[in-house]
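One-letter residues, chain by chain:
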Amino acid sequence: LINVVDLDAIKGAGIRIGADPLGGASVDYWAAIADRWSLELTVVNPLVDATWRFMTLDHDGKIVTESTVICEYLEDVFPDANPLRPKDPYLVAEMRVWTKWVDEYFCWCVSTIGWHRMVGNLVKHLSDAEFEEMVARVPIPEQKVKWRRAREGFPQDLLDEEMRKIGVSVRRLEDRLSQHPYLVGDTFTLADVCNFAIANGMQFGFAELVNEKDTPGILAWLARINARPACQAMFANSKKENLGPRK
């Protein structure tokens, strides 16, 4: 941060700062920054937006939500800008089977373990009243349950079942990727984009399942996508949220 912002100059000027994380997971950063640099800084909105409404596509005032829907929307609006949807209708159908699967199965089991391990830290600073206020804003009942369990702890039988599903998911990906460079045909498509968003990093977080011995196809696929210029640019400009392990 000090390589980007002259914090000594801000401190010396006696500026009073109001920081609004906009509901994002960076809430905990601001207190640490204020303490480290002795800044007169107030977090004006300390609540995490559990509906993730800040993660949307705003296209000329038209708001589109849900990542898979956003991907296809961009394909429709910008059909000639590096298209990632196949032209062949059969391959489109295959692509949508993969994106449907990641939305309805793969994402949920990995997400549950991620919530158990890390997301609880996002709400540890909230009082009971603040937490209940946040949960009240969540429109999806299943997500309300997830937020409560992330704070209180997930039942072990549920965690065991989600790990079983992750194992099923890993085997499905490996069965395909051990024979093909990508999930649909032999080209990079939205099927890879959506599944990569969940699978990337599993070689670290789920090393007992994703590793050189058991899943060489998945690892080669991850490396192939990570080497793409657009992917490298995305990670170079991405903020790493301070989630940390569950304590």
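What you see as residue numbers is a count from 1 along each chain, following the sequence as written. Given that this is a predicted model, residues contribute local features only at a pLDDT of at least 70 and side-chain atom pairs are listed and counted only at 80 or more, while totals for whole chains, interfaces and linings are drawn from all residues. The side-chain values count all of the structure's non-hydrogen atoms but skip hydrogen atoms and water molecules.

**Student:** So what's going on with the overall build of the protein? Which residues, and what values?
**Tutor:** Elements are defined by DSSP. Helices are runs of H or I of four residues or more, strands are runs of E of two residues or more, and each kind is numbered from the N terminus. Counting secondary structure elements, the protein contains eleven helices and four strands. The proportion of buried residues among the 247 residues of the protein is 37%. Taking contacts inside the protein between residues at least 6 apart in sequence as the whole, the part at least 24 apart equals 69%. Exposure categories follow from relative accessible area, calculated using a 1.4 Å probe and restricted to protein chains: below 20% of the type maximum is buried, above 50% is exposed, and the middle band is partly exposed. Working rule for contacts: check all heavy atoms of both residues, and any pair within 4.5 Å makes them a contact.

**Student:** A description of the packing of helix α4 (residues 89-117) against helix α6 (residues 141-152) should follow, citing residues and the corresponding values.
**Tutor:** Lines fitted to the C-alpha atoms define the axes, with helices restricted to the stretch that makes contact. Angles between their N-to-C directions range from 0 to 180 degrees. Where α4 meets α6, the axes come as close as 9 Å, and the angle between the chain directions of the two elements is 35°. Packed against α4, whose contacting residues are W108, S111, T112 and W115, the element α6 presents Q143, K146, W147 and A150 at the interface. In the contact of α4 with α6, the residues fall into four nonpolar, three polar and one charged. Residues are grouped as follows: Ala, Val, Leu, Ile, Met, Phe, Trp, Tyr, Cys and Pro are nonpolar; Asp, Glu, Lys and Arg are charged; all remaining types, including Gly, are polar.

**Student:** Hey, could you go over the pattern of salt bridges for me, with residue numbers and the actual values?
**Tutor:** Here, a salt bridge means any Lys or Arg side-chain nitrogen found within 4 Å of an Asp or Glu carboxyl oxygen. A complete count under the given rule lists ten salt bridges for this structure. For the salt bridge of D128 with R151, the shortest nitrogen-to-oxygen distance reads 3.1 Å. On the criterion of sequence distance, the pair formed by D128 in helix α5 (residues 128-136) and R151 in helix α6 is long-range, its members being 23 residues apart. Since its relative accessible area comes to 27%, R151 is described here as partly exposed. For E161, the salt bridge is made with R164, and the minimal N-O distance between the two is 2.8 Å. Here E161 pairs with R164, and both are found in helix α7 (residues 156-177), just three residues apart, close to one helical turn. Salt bridges here are not isolated pairs; linked through shared partners, they connect E72, D76, R85 and R96.

**Student:** Account for the confidence of the model for the protein, naming residues and giving values.
**Tutor:** Residue-level confidence of the predictor is what pLDDT reports, using numbers from 0 through 100. Looking at the protein as a whole, its pLDDT mean stands at 85, while 87% of the residues score no less than 70. The secondary-structure element of the protein with the lowest mean pLDDT is helix α2 (residues 27-37), recorded at 72, while helix α10 (residues 216-226) shows the highest, at 97.

**Student:** Can you lay out helix α3 (residues 67-77) for me, pointing to particular residues and giving the numbers?
**Tutor:** T68, I70, C71, E72 and E75 are the residues of α3 that are buried. In this structure, the buried side of α3 is in contact with β3 (57-59), β4 (62-64), α4 and α8 (190-199).

**Student:** I'd like a rundown of the side chain of E75, residues and numbers included.
**Tutor:** Note that E75 resides in helix α3. His residues and chain termini do not enter the charge count, which takes Lys and Arg as positive and Asp and Glu as negative. We note that E75 is buried and unpaired, the nearest opposite charge coming from R85 at a distance of 4.7 Å. The contact partners of E75, leaving out residues within four places of it in the chain, are N82, P83, L84, R85 and L190.

**Student:** I'd like a rundown of the packing of aromatic side chains, residues and numbers included.
**Tutor:** Only rings of Phe, Tyr and Trp enter the pairing, Trp through its six-membered ring, and a pair is recorded when the two centres are within 6.5 Å. The plane angle decides the type: under 30 degrees is stacked, over 60 is edge-to-face, the rest tilted. In total, this model carries six aromatic pairs according to the counting rule given. Seen in terms of ring centroids, W98 and W101 are 5.5 Å apart; in terms of plane orientation they differ by 85°. Their pairing is edge-to-face. With W98 and W101 both in helix α4, this residue pair falls three residues apart, about one helical turn. What makes W98 buried here is its relative accessible area of 8%. The class of W101 is buried, set by a relative accessible area of 11%. Relative to F106, the ring of W101 has its centre 5.1 Å away and its plane inclined at 15°; by these criteria the two rings are stacked. Cluster of aromatic residues (ring-pair linked, three or more members): W98, W101, Y105 and F106. Here, a charge over a ring is recorded when the distance from Lys NZ or Arg CZ to the ring centre is within 6 Å and its angle to the ring normal is within 35 degrees. Between R224 and the ring centre of Y182, over which it is positioned, the NZ or CZ distance is 5.8 Å.

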